[in-house]
Amino acid sequence: MAEHILFLTGKLAEKQLRQVLADMEPEFQYTVHQLGVSVAALMTADMIRRRLKDTYGADRVLVPGRCRGDLDQLSAAMGLPFERGPEELRDLPEFFGKKARKPSLDRYDLLIFAEITDAPRLPVDAILRQARDYRRDGADVIDLGCLPATPFDHMETAIAALRVEGFKVSVDSLENDDLLRGGRAGADYLLSLHEDSLWIADEVAATPVLIPARHGDLDSLDRAVAAMLARNRDFLLDPILDPIHFGFSDSLVRYHETRRRHPDAAIMMGVGNLTELTHADTIGINAMLLGICSELNVGAILTTQVSKHARRAVREADLARRILFAARELNTLPKHIDDGLMALHGRAPFPYSRAELEELWAQIKDPSFRIQTSPEGMHIFNRDGFHTATDPFDLFPHLGVEHDGGHAFYLGVELGRAQIAWQLGKRYTQDEALDWGCAVETQESAVDPHVYKAAGTTLKKHKDEP
């Protein structure tokens, strides 16, 4: 028999929910139950437990996406699964279309080397702090970057301290002495050796990253590969990625040719030459470069977070490698897998048109302000009026909150968010921070926005509601 799903909703959304479900022509059976609350966003797990007297023989219950509370406890108490649906009703078809096949992002096959570029100038405790941050953001190997003509007297101490905390370590230098010291101190990788410095590999156990002896000379890289194969040693190859207008296109060709010449070799790409040296948002750059890595089976990248605009590079690369691995495994485009790399724009920023919002407005009988966006602009409405603008300052004279500082502050914050979302084409949800993907730290606000709504204009609640 088809699955039976019970949909819980509020008074204002009931009609829209029934219409969306009817348009879906779902394969499952369903029952819509209006729980006696005007706005679905006010629904809580405790309220559901108190008010839901009949589950209509459902196999599971879907509650509004903004419903607060512990649904696991509710499921245990009621004896059937409760889960949150999407935050917007218009997203319900996609919710059911994706749910069964949404890929996991737990797997990847690319290592992230995160470079501490000024390691010789940092004390060991500062190196450890940065390494911990890199590991939290997804780095697999901590790369200690040496500097020309700059002593690194505490290299051995830094390597030992990192290894005590379980880090994999690489040493990155143009000086043979630095590489030899790093290998002897227990570094796992050395960046970089070429055919004239392979003798260092004979002195240490570290895995070398091989580069051409002269820039672009793939024949010299082939000779270094042959020498390492003769030694029966592991290695990685790095044909070197060049910045834009300084050989970028040619360097991509070198990576392709390196893979053709060495179909089974491990390859590294230093993506920092693009993310650091291009003033563009690094999320897109990382996604594109890791897409190339995915196609060419490049197994490691070296990245940095030196420039302020590149300060999330490690986290972006971590998410990109997971998305691209999932797409490759499913033999599909890297779309509709995860939205974390979409910081500026949304896939479906405007779930409702102005006409549909005006239809919703016609049902509202209370003084609480609702804020929504559509392609036409920002809309703020309650029982007393419906107002539209593209600039929040044009809306303020219509709101009647000149003498209510808390309420004015709240509406100013929300309309500011709505304007940013409308300008960029992002999804706006009242009382929630904008979603910037992996570009920012996700933090839950400790402030209840309803505190700043004036008495008498807050959303009306039943006496048993929190």
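Use the structure listed above.
Worth saying up front: this structure is predicted, and the values here are computed from it rather than measured. Every chain begins its residue count from 1, and numbering advances along the sequence as written. Local features in a predicted model are, by the rule used here, given only for residues with pLDDT of at least 70; side-chain atom pairs are given and counted only at 80 or more, and totals for whole chains, interfaces and linings are based on all residues. Only hydrogens and water are set aside; all other atoms, that is, all heavy atoms of the structure, feed into the side-chain values.

## Considering the overall build of the chain
Here a strand is any run of E in DSSP of at least two residues, a helix any run of H or I of at least four, and the numbering for each starts at the N terminus. When its secondary structure is counted, the chain shows 16 helices and 15 strands. For the chain, the C-alpha atoms occupy an extent of roughly 80 × 60 × 40 Å along the three principal directions. Using a 1.4 Å probe on the protein chains alone, a residue whose accessible area is under 20% of its type maximum counts as buried, one over 50% counts as exposed, and one in between counts as partly exposed. When burial is assessed residue by residue, the chain has 50% of its 466 residues classed as buried. Whether two residues are in contact is decided by their heavy atoms: any pair within 4.5 Å suffices. Within the chain, contacts between residues separated by at least 24 positions form 60% of all contacts whose residues are at least 6 apart in sequence.

## Looking at unusual backbone geometry
In this structure, Ser192 follows Leu191 across a cis peptide bond, with omega equal to 0 degrees. At Asn297, a residue that is not glycine, the phi angle is positive and equals roughly 55 degrees. Looking at where Asn297 falls in the secondary structure, it is placed in the loop between helix 12 (282-296) and strand 12 (300-303). Under the relative-accessibility criterion, Asn297 is labelled partly exposed at 45%.

## Let's talk about the nonpolar core
In this description, a nonpolar core means a group of buried Ala, Val, Leu, Ile, Met, Phe, Trp, Tyr and Cys residues linked to one another through side-chain atoms lying within 4.5 Å. By size, the foremost hydrophobic cluster in this structure holds 71 residues, and its most contacted members are Leu144, Leu162 and Leu210. When residues of this core are assigned to their parent elements, the largest contribution, 8 residues, is made by helix 13 (residues 313-330). Leave out the neighbours within four places in its chain, and Leu162 touches Ile127, Leu128, Ala131, Ile142, Leu144, Phe167 and Val169.

## As for the sheet that holds strand 4 (residues 82-84)
In this analysis, strands are considered paired if DSSP registers two or more bridges between them. The strand order 2-1-3-4 describes an open sheet built from 4 strands, whose pairing is parallel. Each end of this open sheet is capped by a strand with a single partner; those strands are strand 2 (29-34) and strand 4. On average, each strand axis in the sheet is tilted by 25 degrees relative to the strand beside it, whichever way the strands run. The sheet contact formed by strand 1 (residues 4-9) and strand 2 spans 6 bridges and is parallel. When the bridges of strand 2 are listed, Thr9 appears paired with Gln34. Inter-axis angles, ranging from 0 to 180 degrees, are taken between N-to-C directions of lines fitted to C-alpha atoms, where helices are fitted over the stretch in contact. Where helix 1 (residues 11-24) meets the sheet, its contacts fall on strand 1 and strand 2, and the angle it forms with strand 2 comes to roughly 170 degrees. Strand contacts of helix 3 (residues 71-78): strand 3 (60-63) and strand 4, with the helix running at about 155 degrees to strand 4, the strand carrying the most contacts.

## Points about the packing of aromatic side chains
Classification of ring pairs rests on two measures: the distance between centres of Phe, Tyr or Trp rings, Trp counted by its six-membered ring, which must be within 6.5 Å, and the angle between planes, read as stacked under 30 degrees, edge-to-face over 60 and tilted in between. Per the counting criterion, the structure on display carries 9 aromatic pairs. On the numbers, 6.2 Å between centres and 85 degrees between planes, the contact of Phe7 with Tyr30 is edge-to-face. Here the residue Phe7 occupies a position in strand 1, and Tyr30 occupies one in strand 2, the gap between them amounting to 23 residues. Between Phe113 and Tyr189, the ring centres sit 4.9 Å apart and the planes meet at 70 degrees, which makes this aromatic pair edge-to-face. Of the two residues, Phe113 sits in strand 5 (residues 111-116) while Tyr189 sits in strand 8 (residues 189-193), which places them 76 residues apart along the sequence. For the residue pair Phe113 and Tyr189, the accessibility class agrees, reading buried in each case. Here the aromatic cluster, defined as three or more aromatic residues joined through ring pairs, consists of Phe7, Phe28, Tyr30, Phe95 and Phe96. Across the ring face of Phe167, the terminal group of Arg135 is positioned such that the distance to the ring centre comes to 3.8 Å. Two limits define a charge over a ring: the Lys NZ or Arg CZ must be within 6 Å of the ring centre, and within 35 degrees of the ring normal. The ring of Trp436 carries Lys426 above its face, with NZ or CZ at 4.6 Å from the centroid.

## A look at the side chain of Asp91
Among the structural elements, Asp91 can be located in the loop between strand 4 and helix 4 (92-99). The exposure class assigned to Asp91 is buried, which follows from its relative accessible area of 18%. If we ignore the near neighbours within four places in the chain, the residues touching Asp91 are Pro86 and Arg427.

## Describing the sheet that holds strand 15 (residues 385-389)
Picture the strands of a sheet paired through backbone hydrogen bonds; they go either parallel or antiparallel. Strands sit in the order 13-14-15 across an open sheet of 3 strands; the sheet is antiparallel. Looking along the sheet, the strands with just one partner apiece sit at the ends: strand 13 (370-374) and strand 15. With strand direction ignored, the average angle separating the axes of adjacent strands in the sheet is 20 degrees. Strand direction decides the pairing type here: strand 13 and strand 14 (residues 377-382), joined by 5 bridges, are antiparallel. Within strand 14, the position partnered with Gln372 by the bridge is His379.

## Here we look at the pairing of strand 3
Because side chains alternate across strand 3, one face comprises the buried residues Arg60 and Leu62, and the other comprises Val61 and Val63, equally buried. Where strand 1 meets strand 3, 3 bridges bridge the pair, whose relative direction is parallel. By the bridge assignment, Ile5 is partnered in strand 3 with Arg60. As judged from the 3 bridges shared by strand 3 and strand 4, these two strands associate in the parallel manner.

## Side note on the packing of helix 5 (residues 124-137) against helix 6 (residues 155-164)
Put simply, helix 5 and helix 6 touch, their axes get as near as 10 Å, and they point 40 degrees apart. Relative to helix 6, the element helix 5 is oriented oblique. Two packed elements cross with a definite hand, and for helix 5 against helix 6 that hand is right-handed. On the side of helix 5, the interface is formed by Val124, Ile127, Leu128 and Ala131, while helix 6 contributes Thr157, Ala158, Ala161 and Leu162. Orientation is classified from the angle alone, with under 35 degrees giving roughly parallel, over 145 giving roughly antiparallel, 65 to 115 giving roughly perpendicular, and any other angle giving oblique. Crossing handedness follows the turn of the near helix against the far one: under a right angle anticlockwise gives a left-handed crossing, and clockwise gives a right-handed one.

## With respect to the pattern of salt bridges
By salt bridge we mean one thing: a side-chain nitrogen of Lys or Arg within 4 Å of a carboxyl oxygen of Asp or Glu. Under the criterion given, the structure shown has 39 salt bridges. For Glu432, the salt bridge is made with Arg66, and the minimal N-O distance between the two is 3.7 Å. Remark: Arg66 occurs in the loop between strand 3 and helix 3 and Glu432 occurs in the segment after helix 16 (405-424); sequence separation between them is 366 residues. Put simply, Glu203 and Arg184 hold a salt bridge, and the shortest N to O gap is 3.8 Å. Linking Glu203 in helix 8 (residues 199-203) with Arg184 in helix 7 (residues 176-184), this pair joins segments that are 19 residues apart in sequence. Judged by its relative accessible area of 46%, Glu203 is partly exposed.

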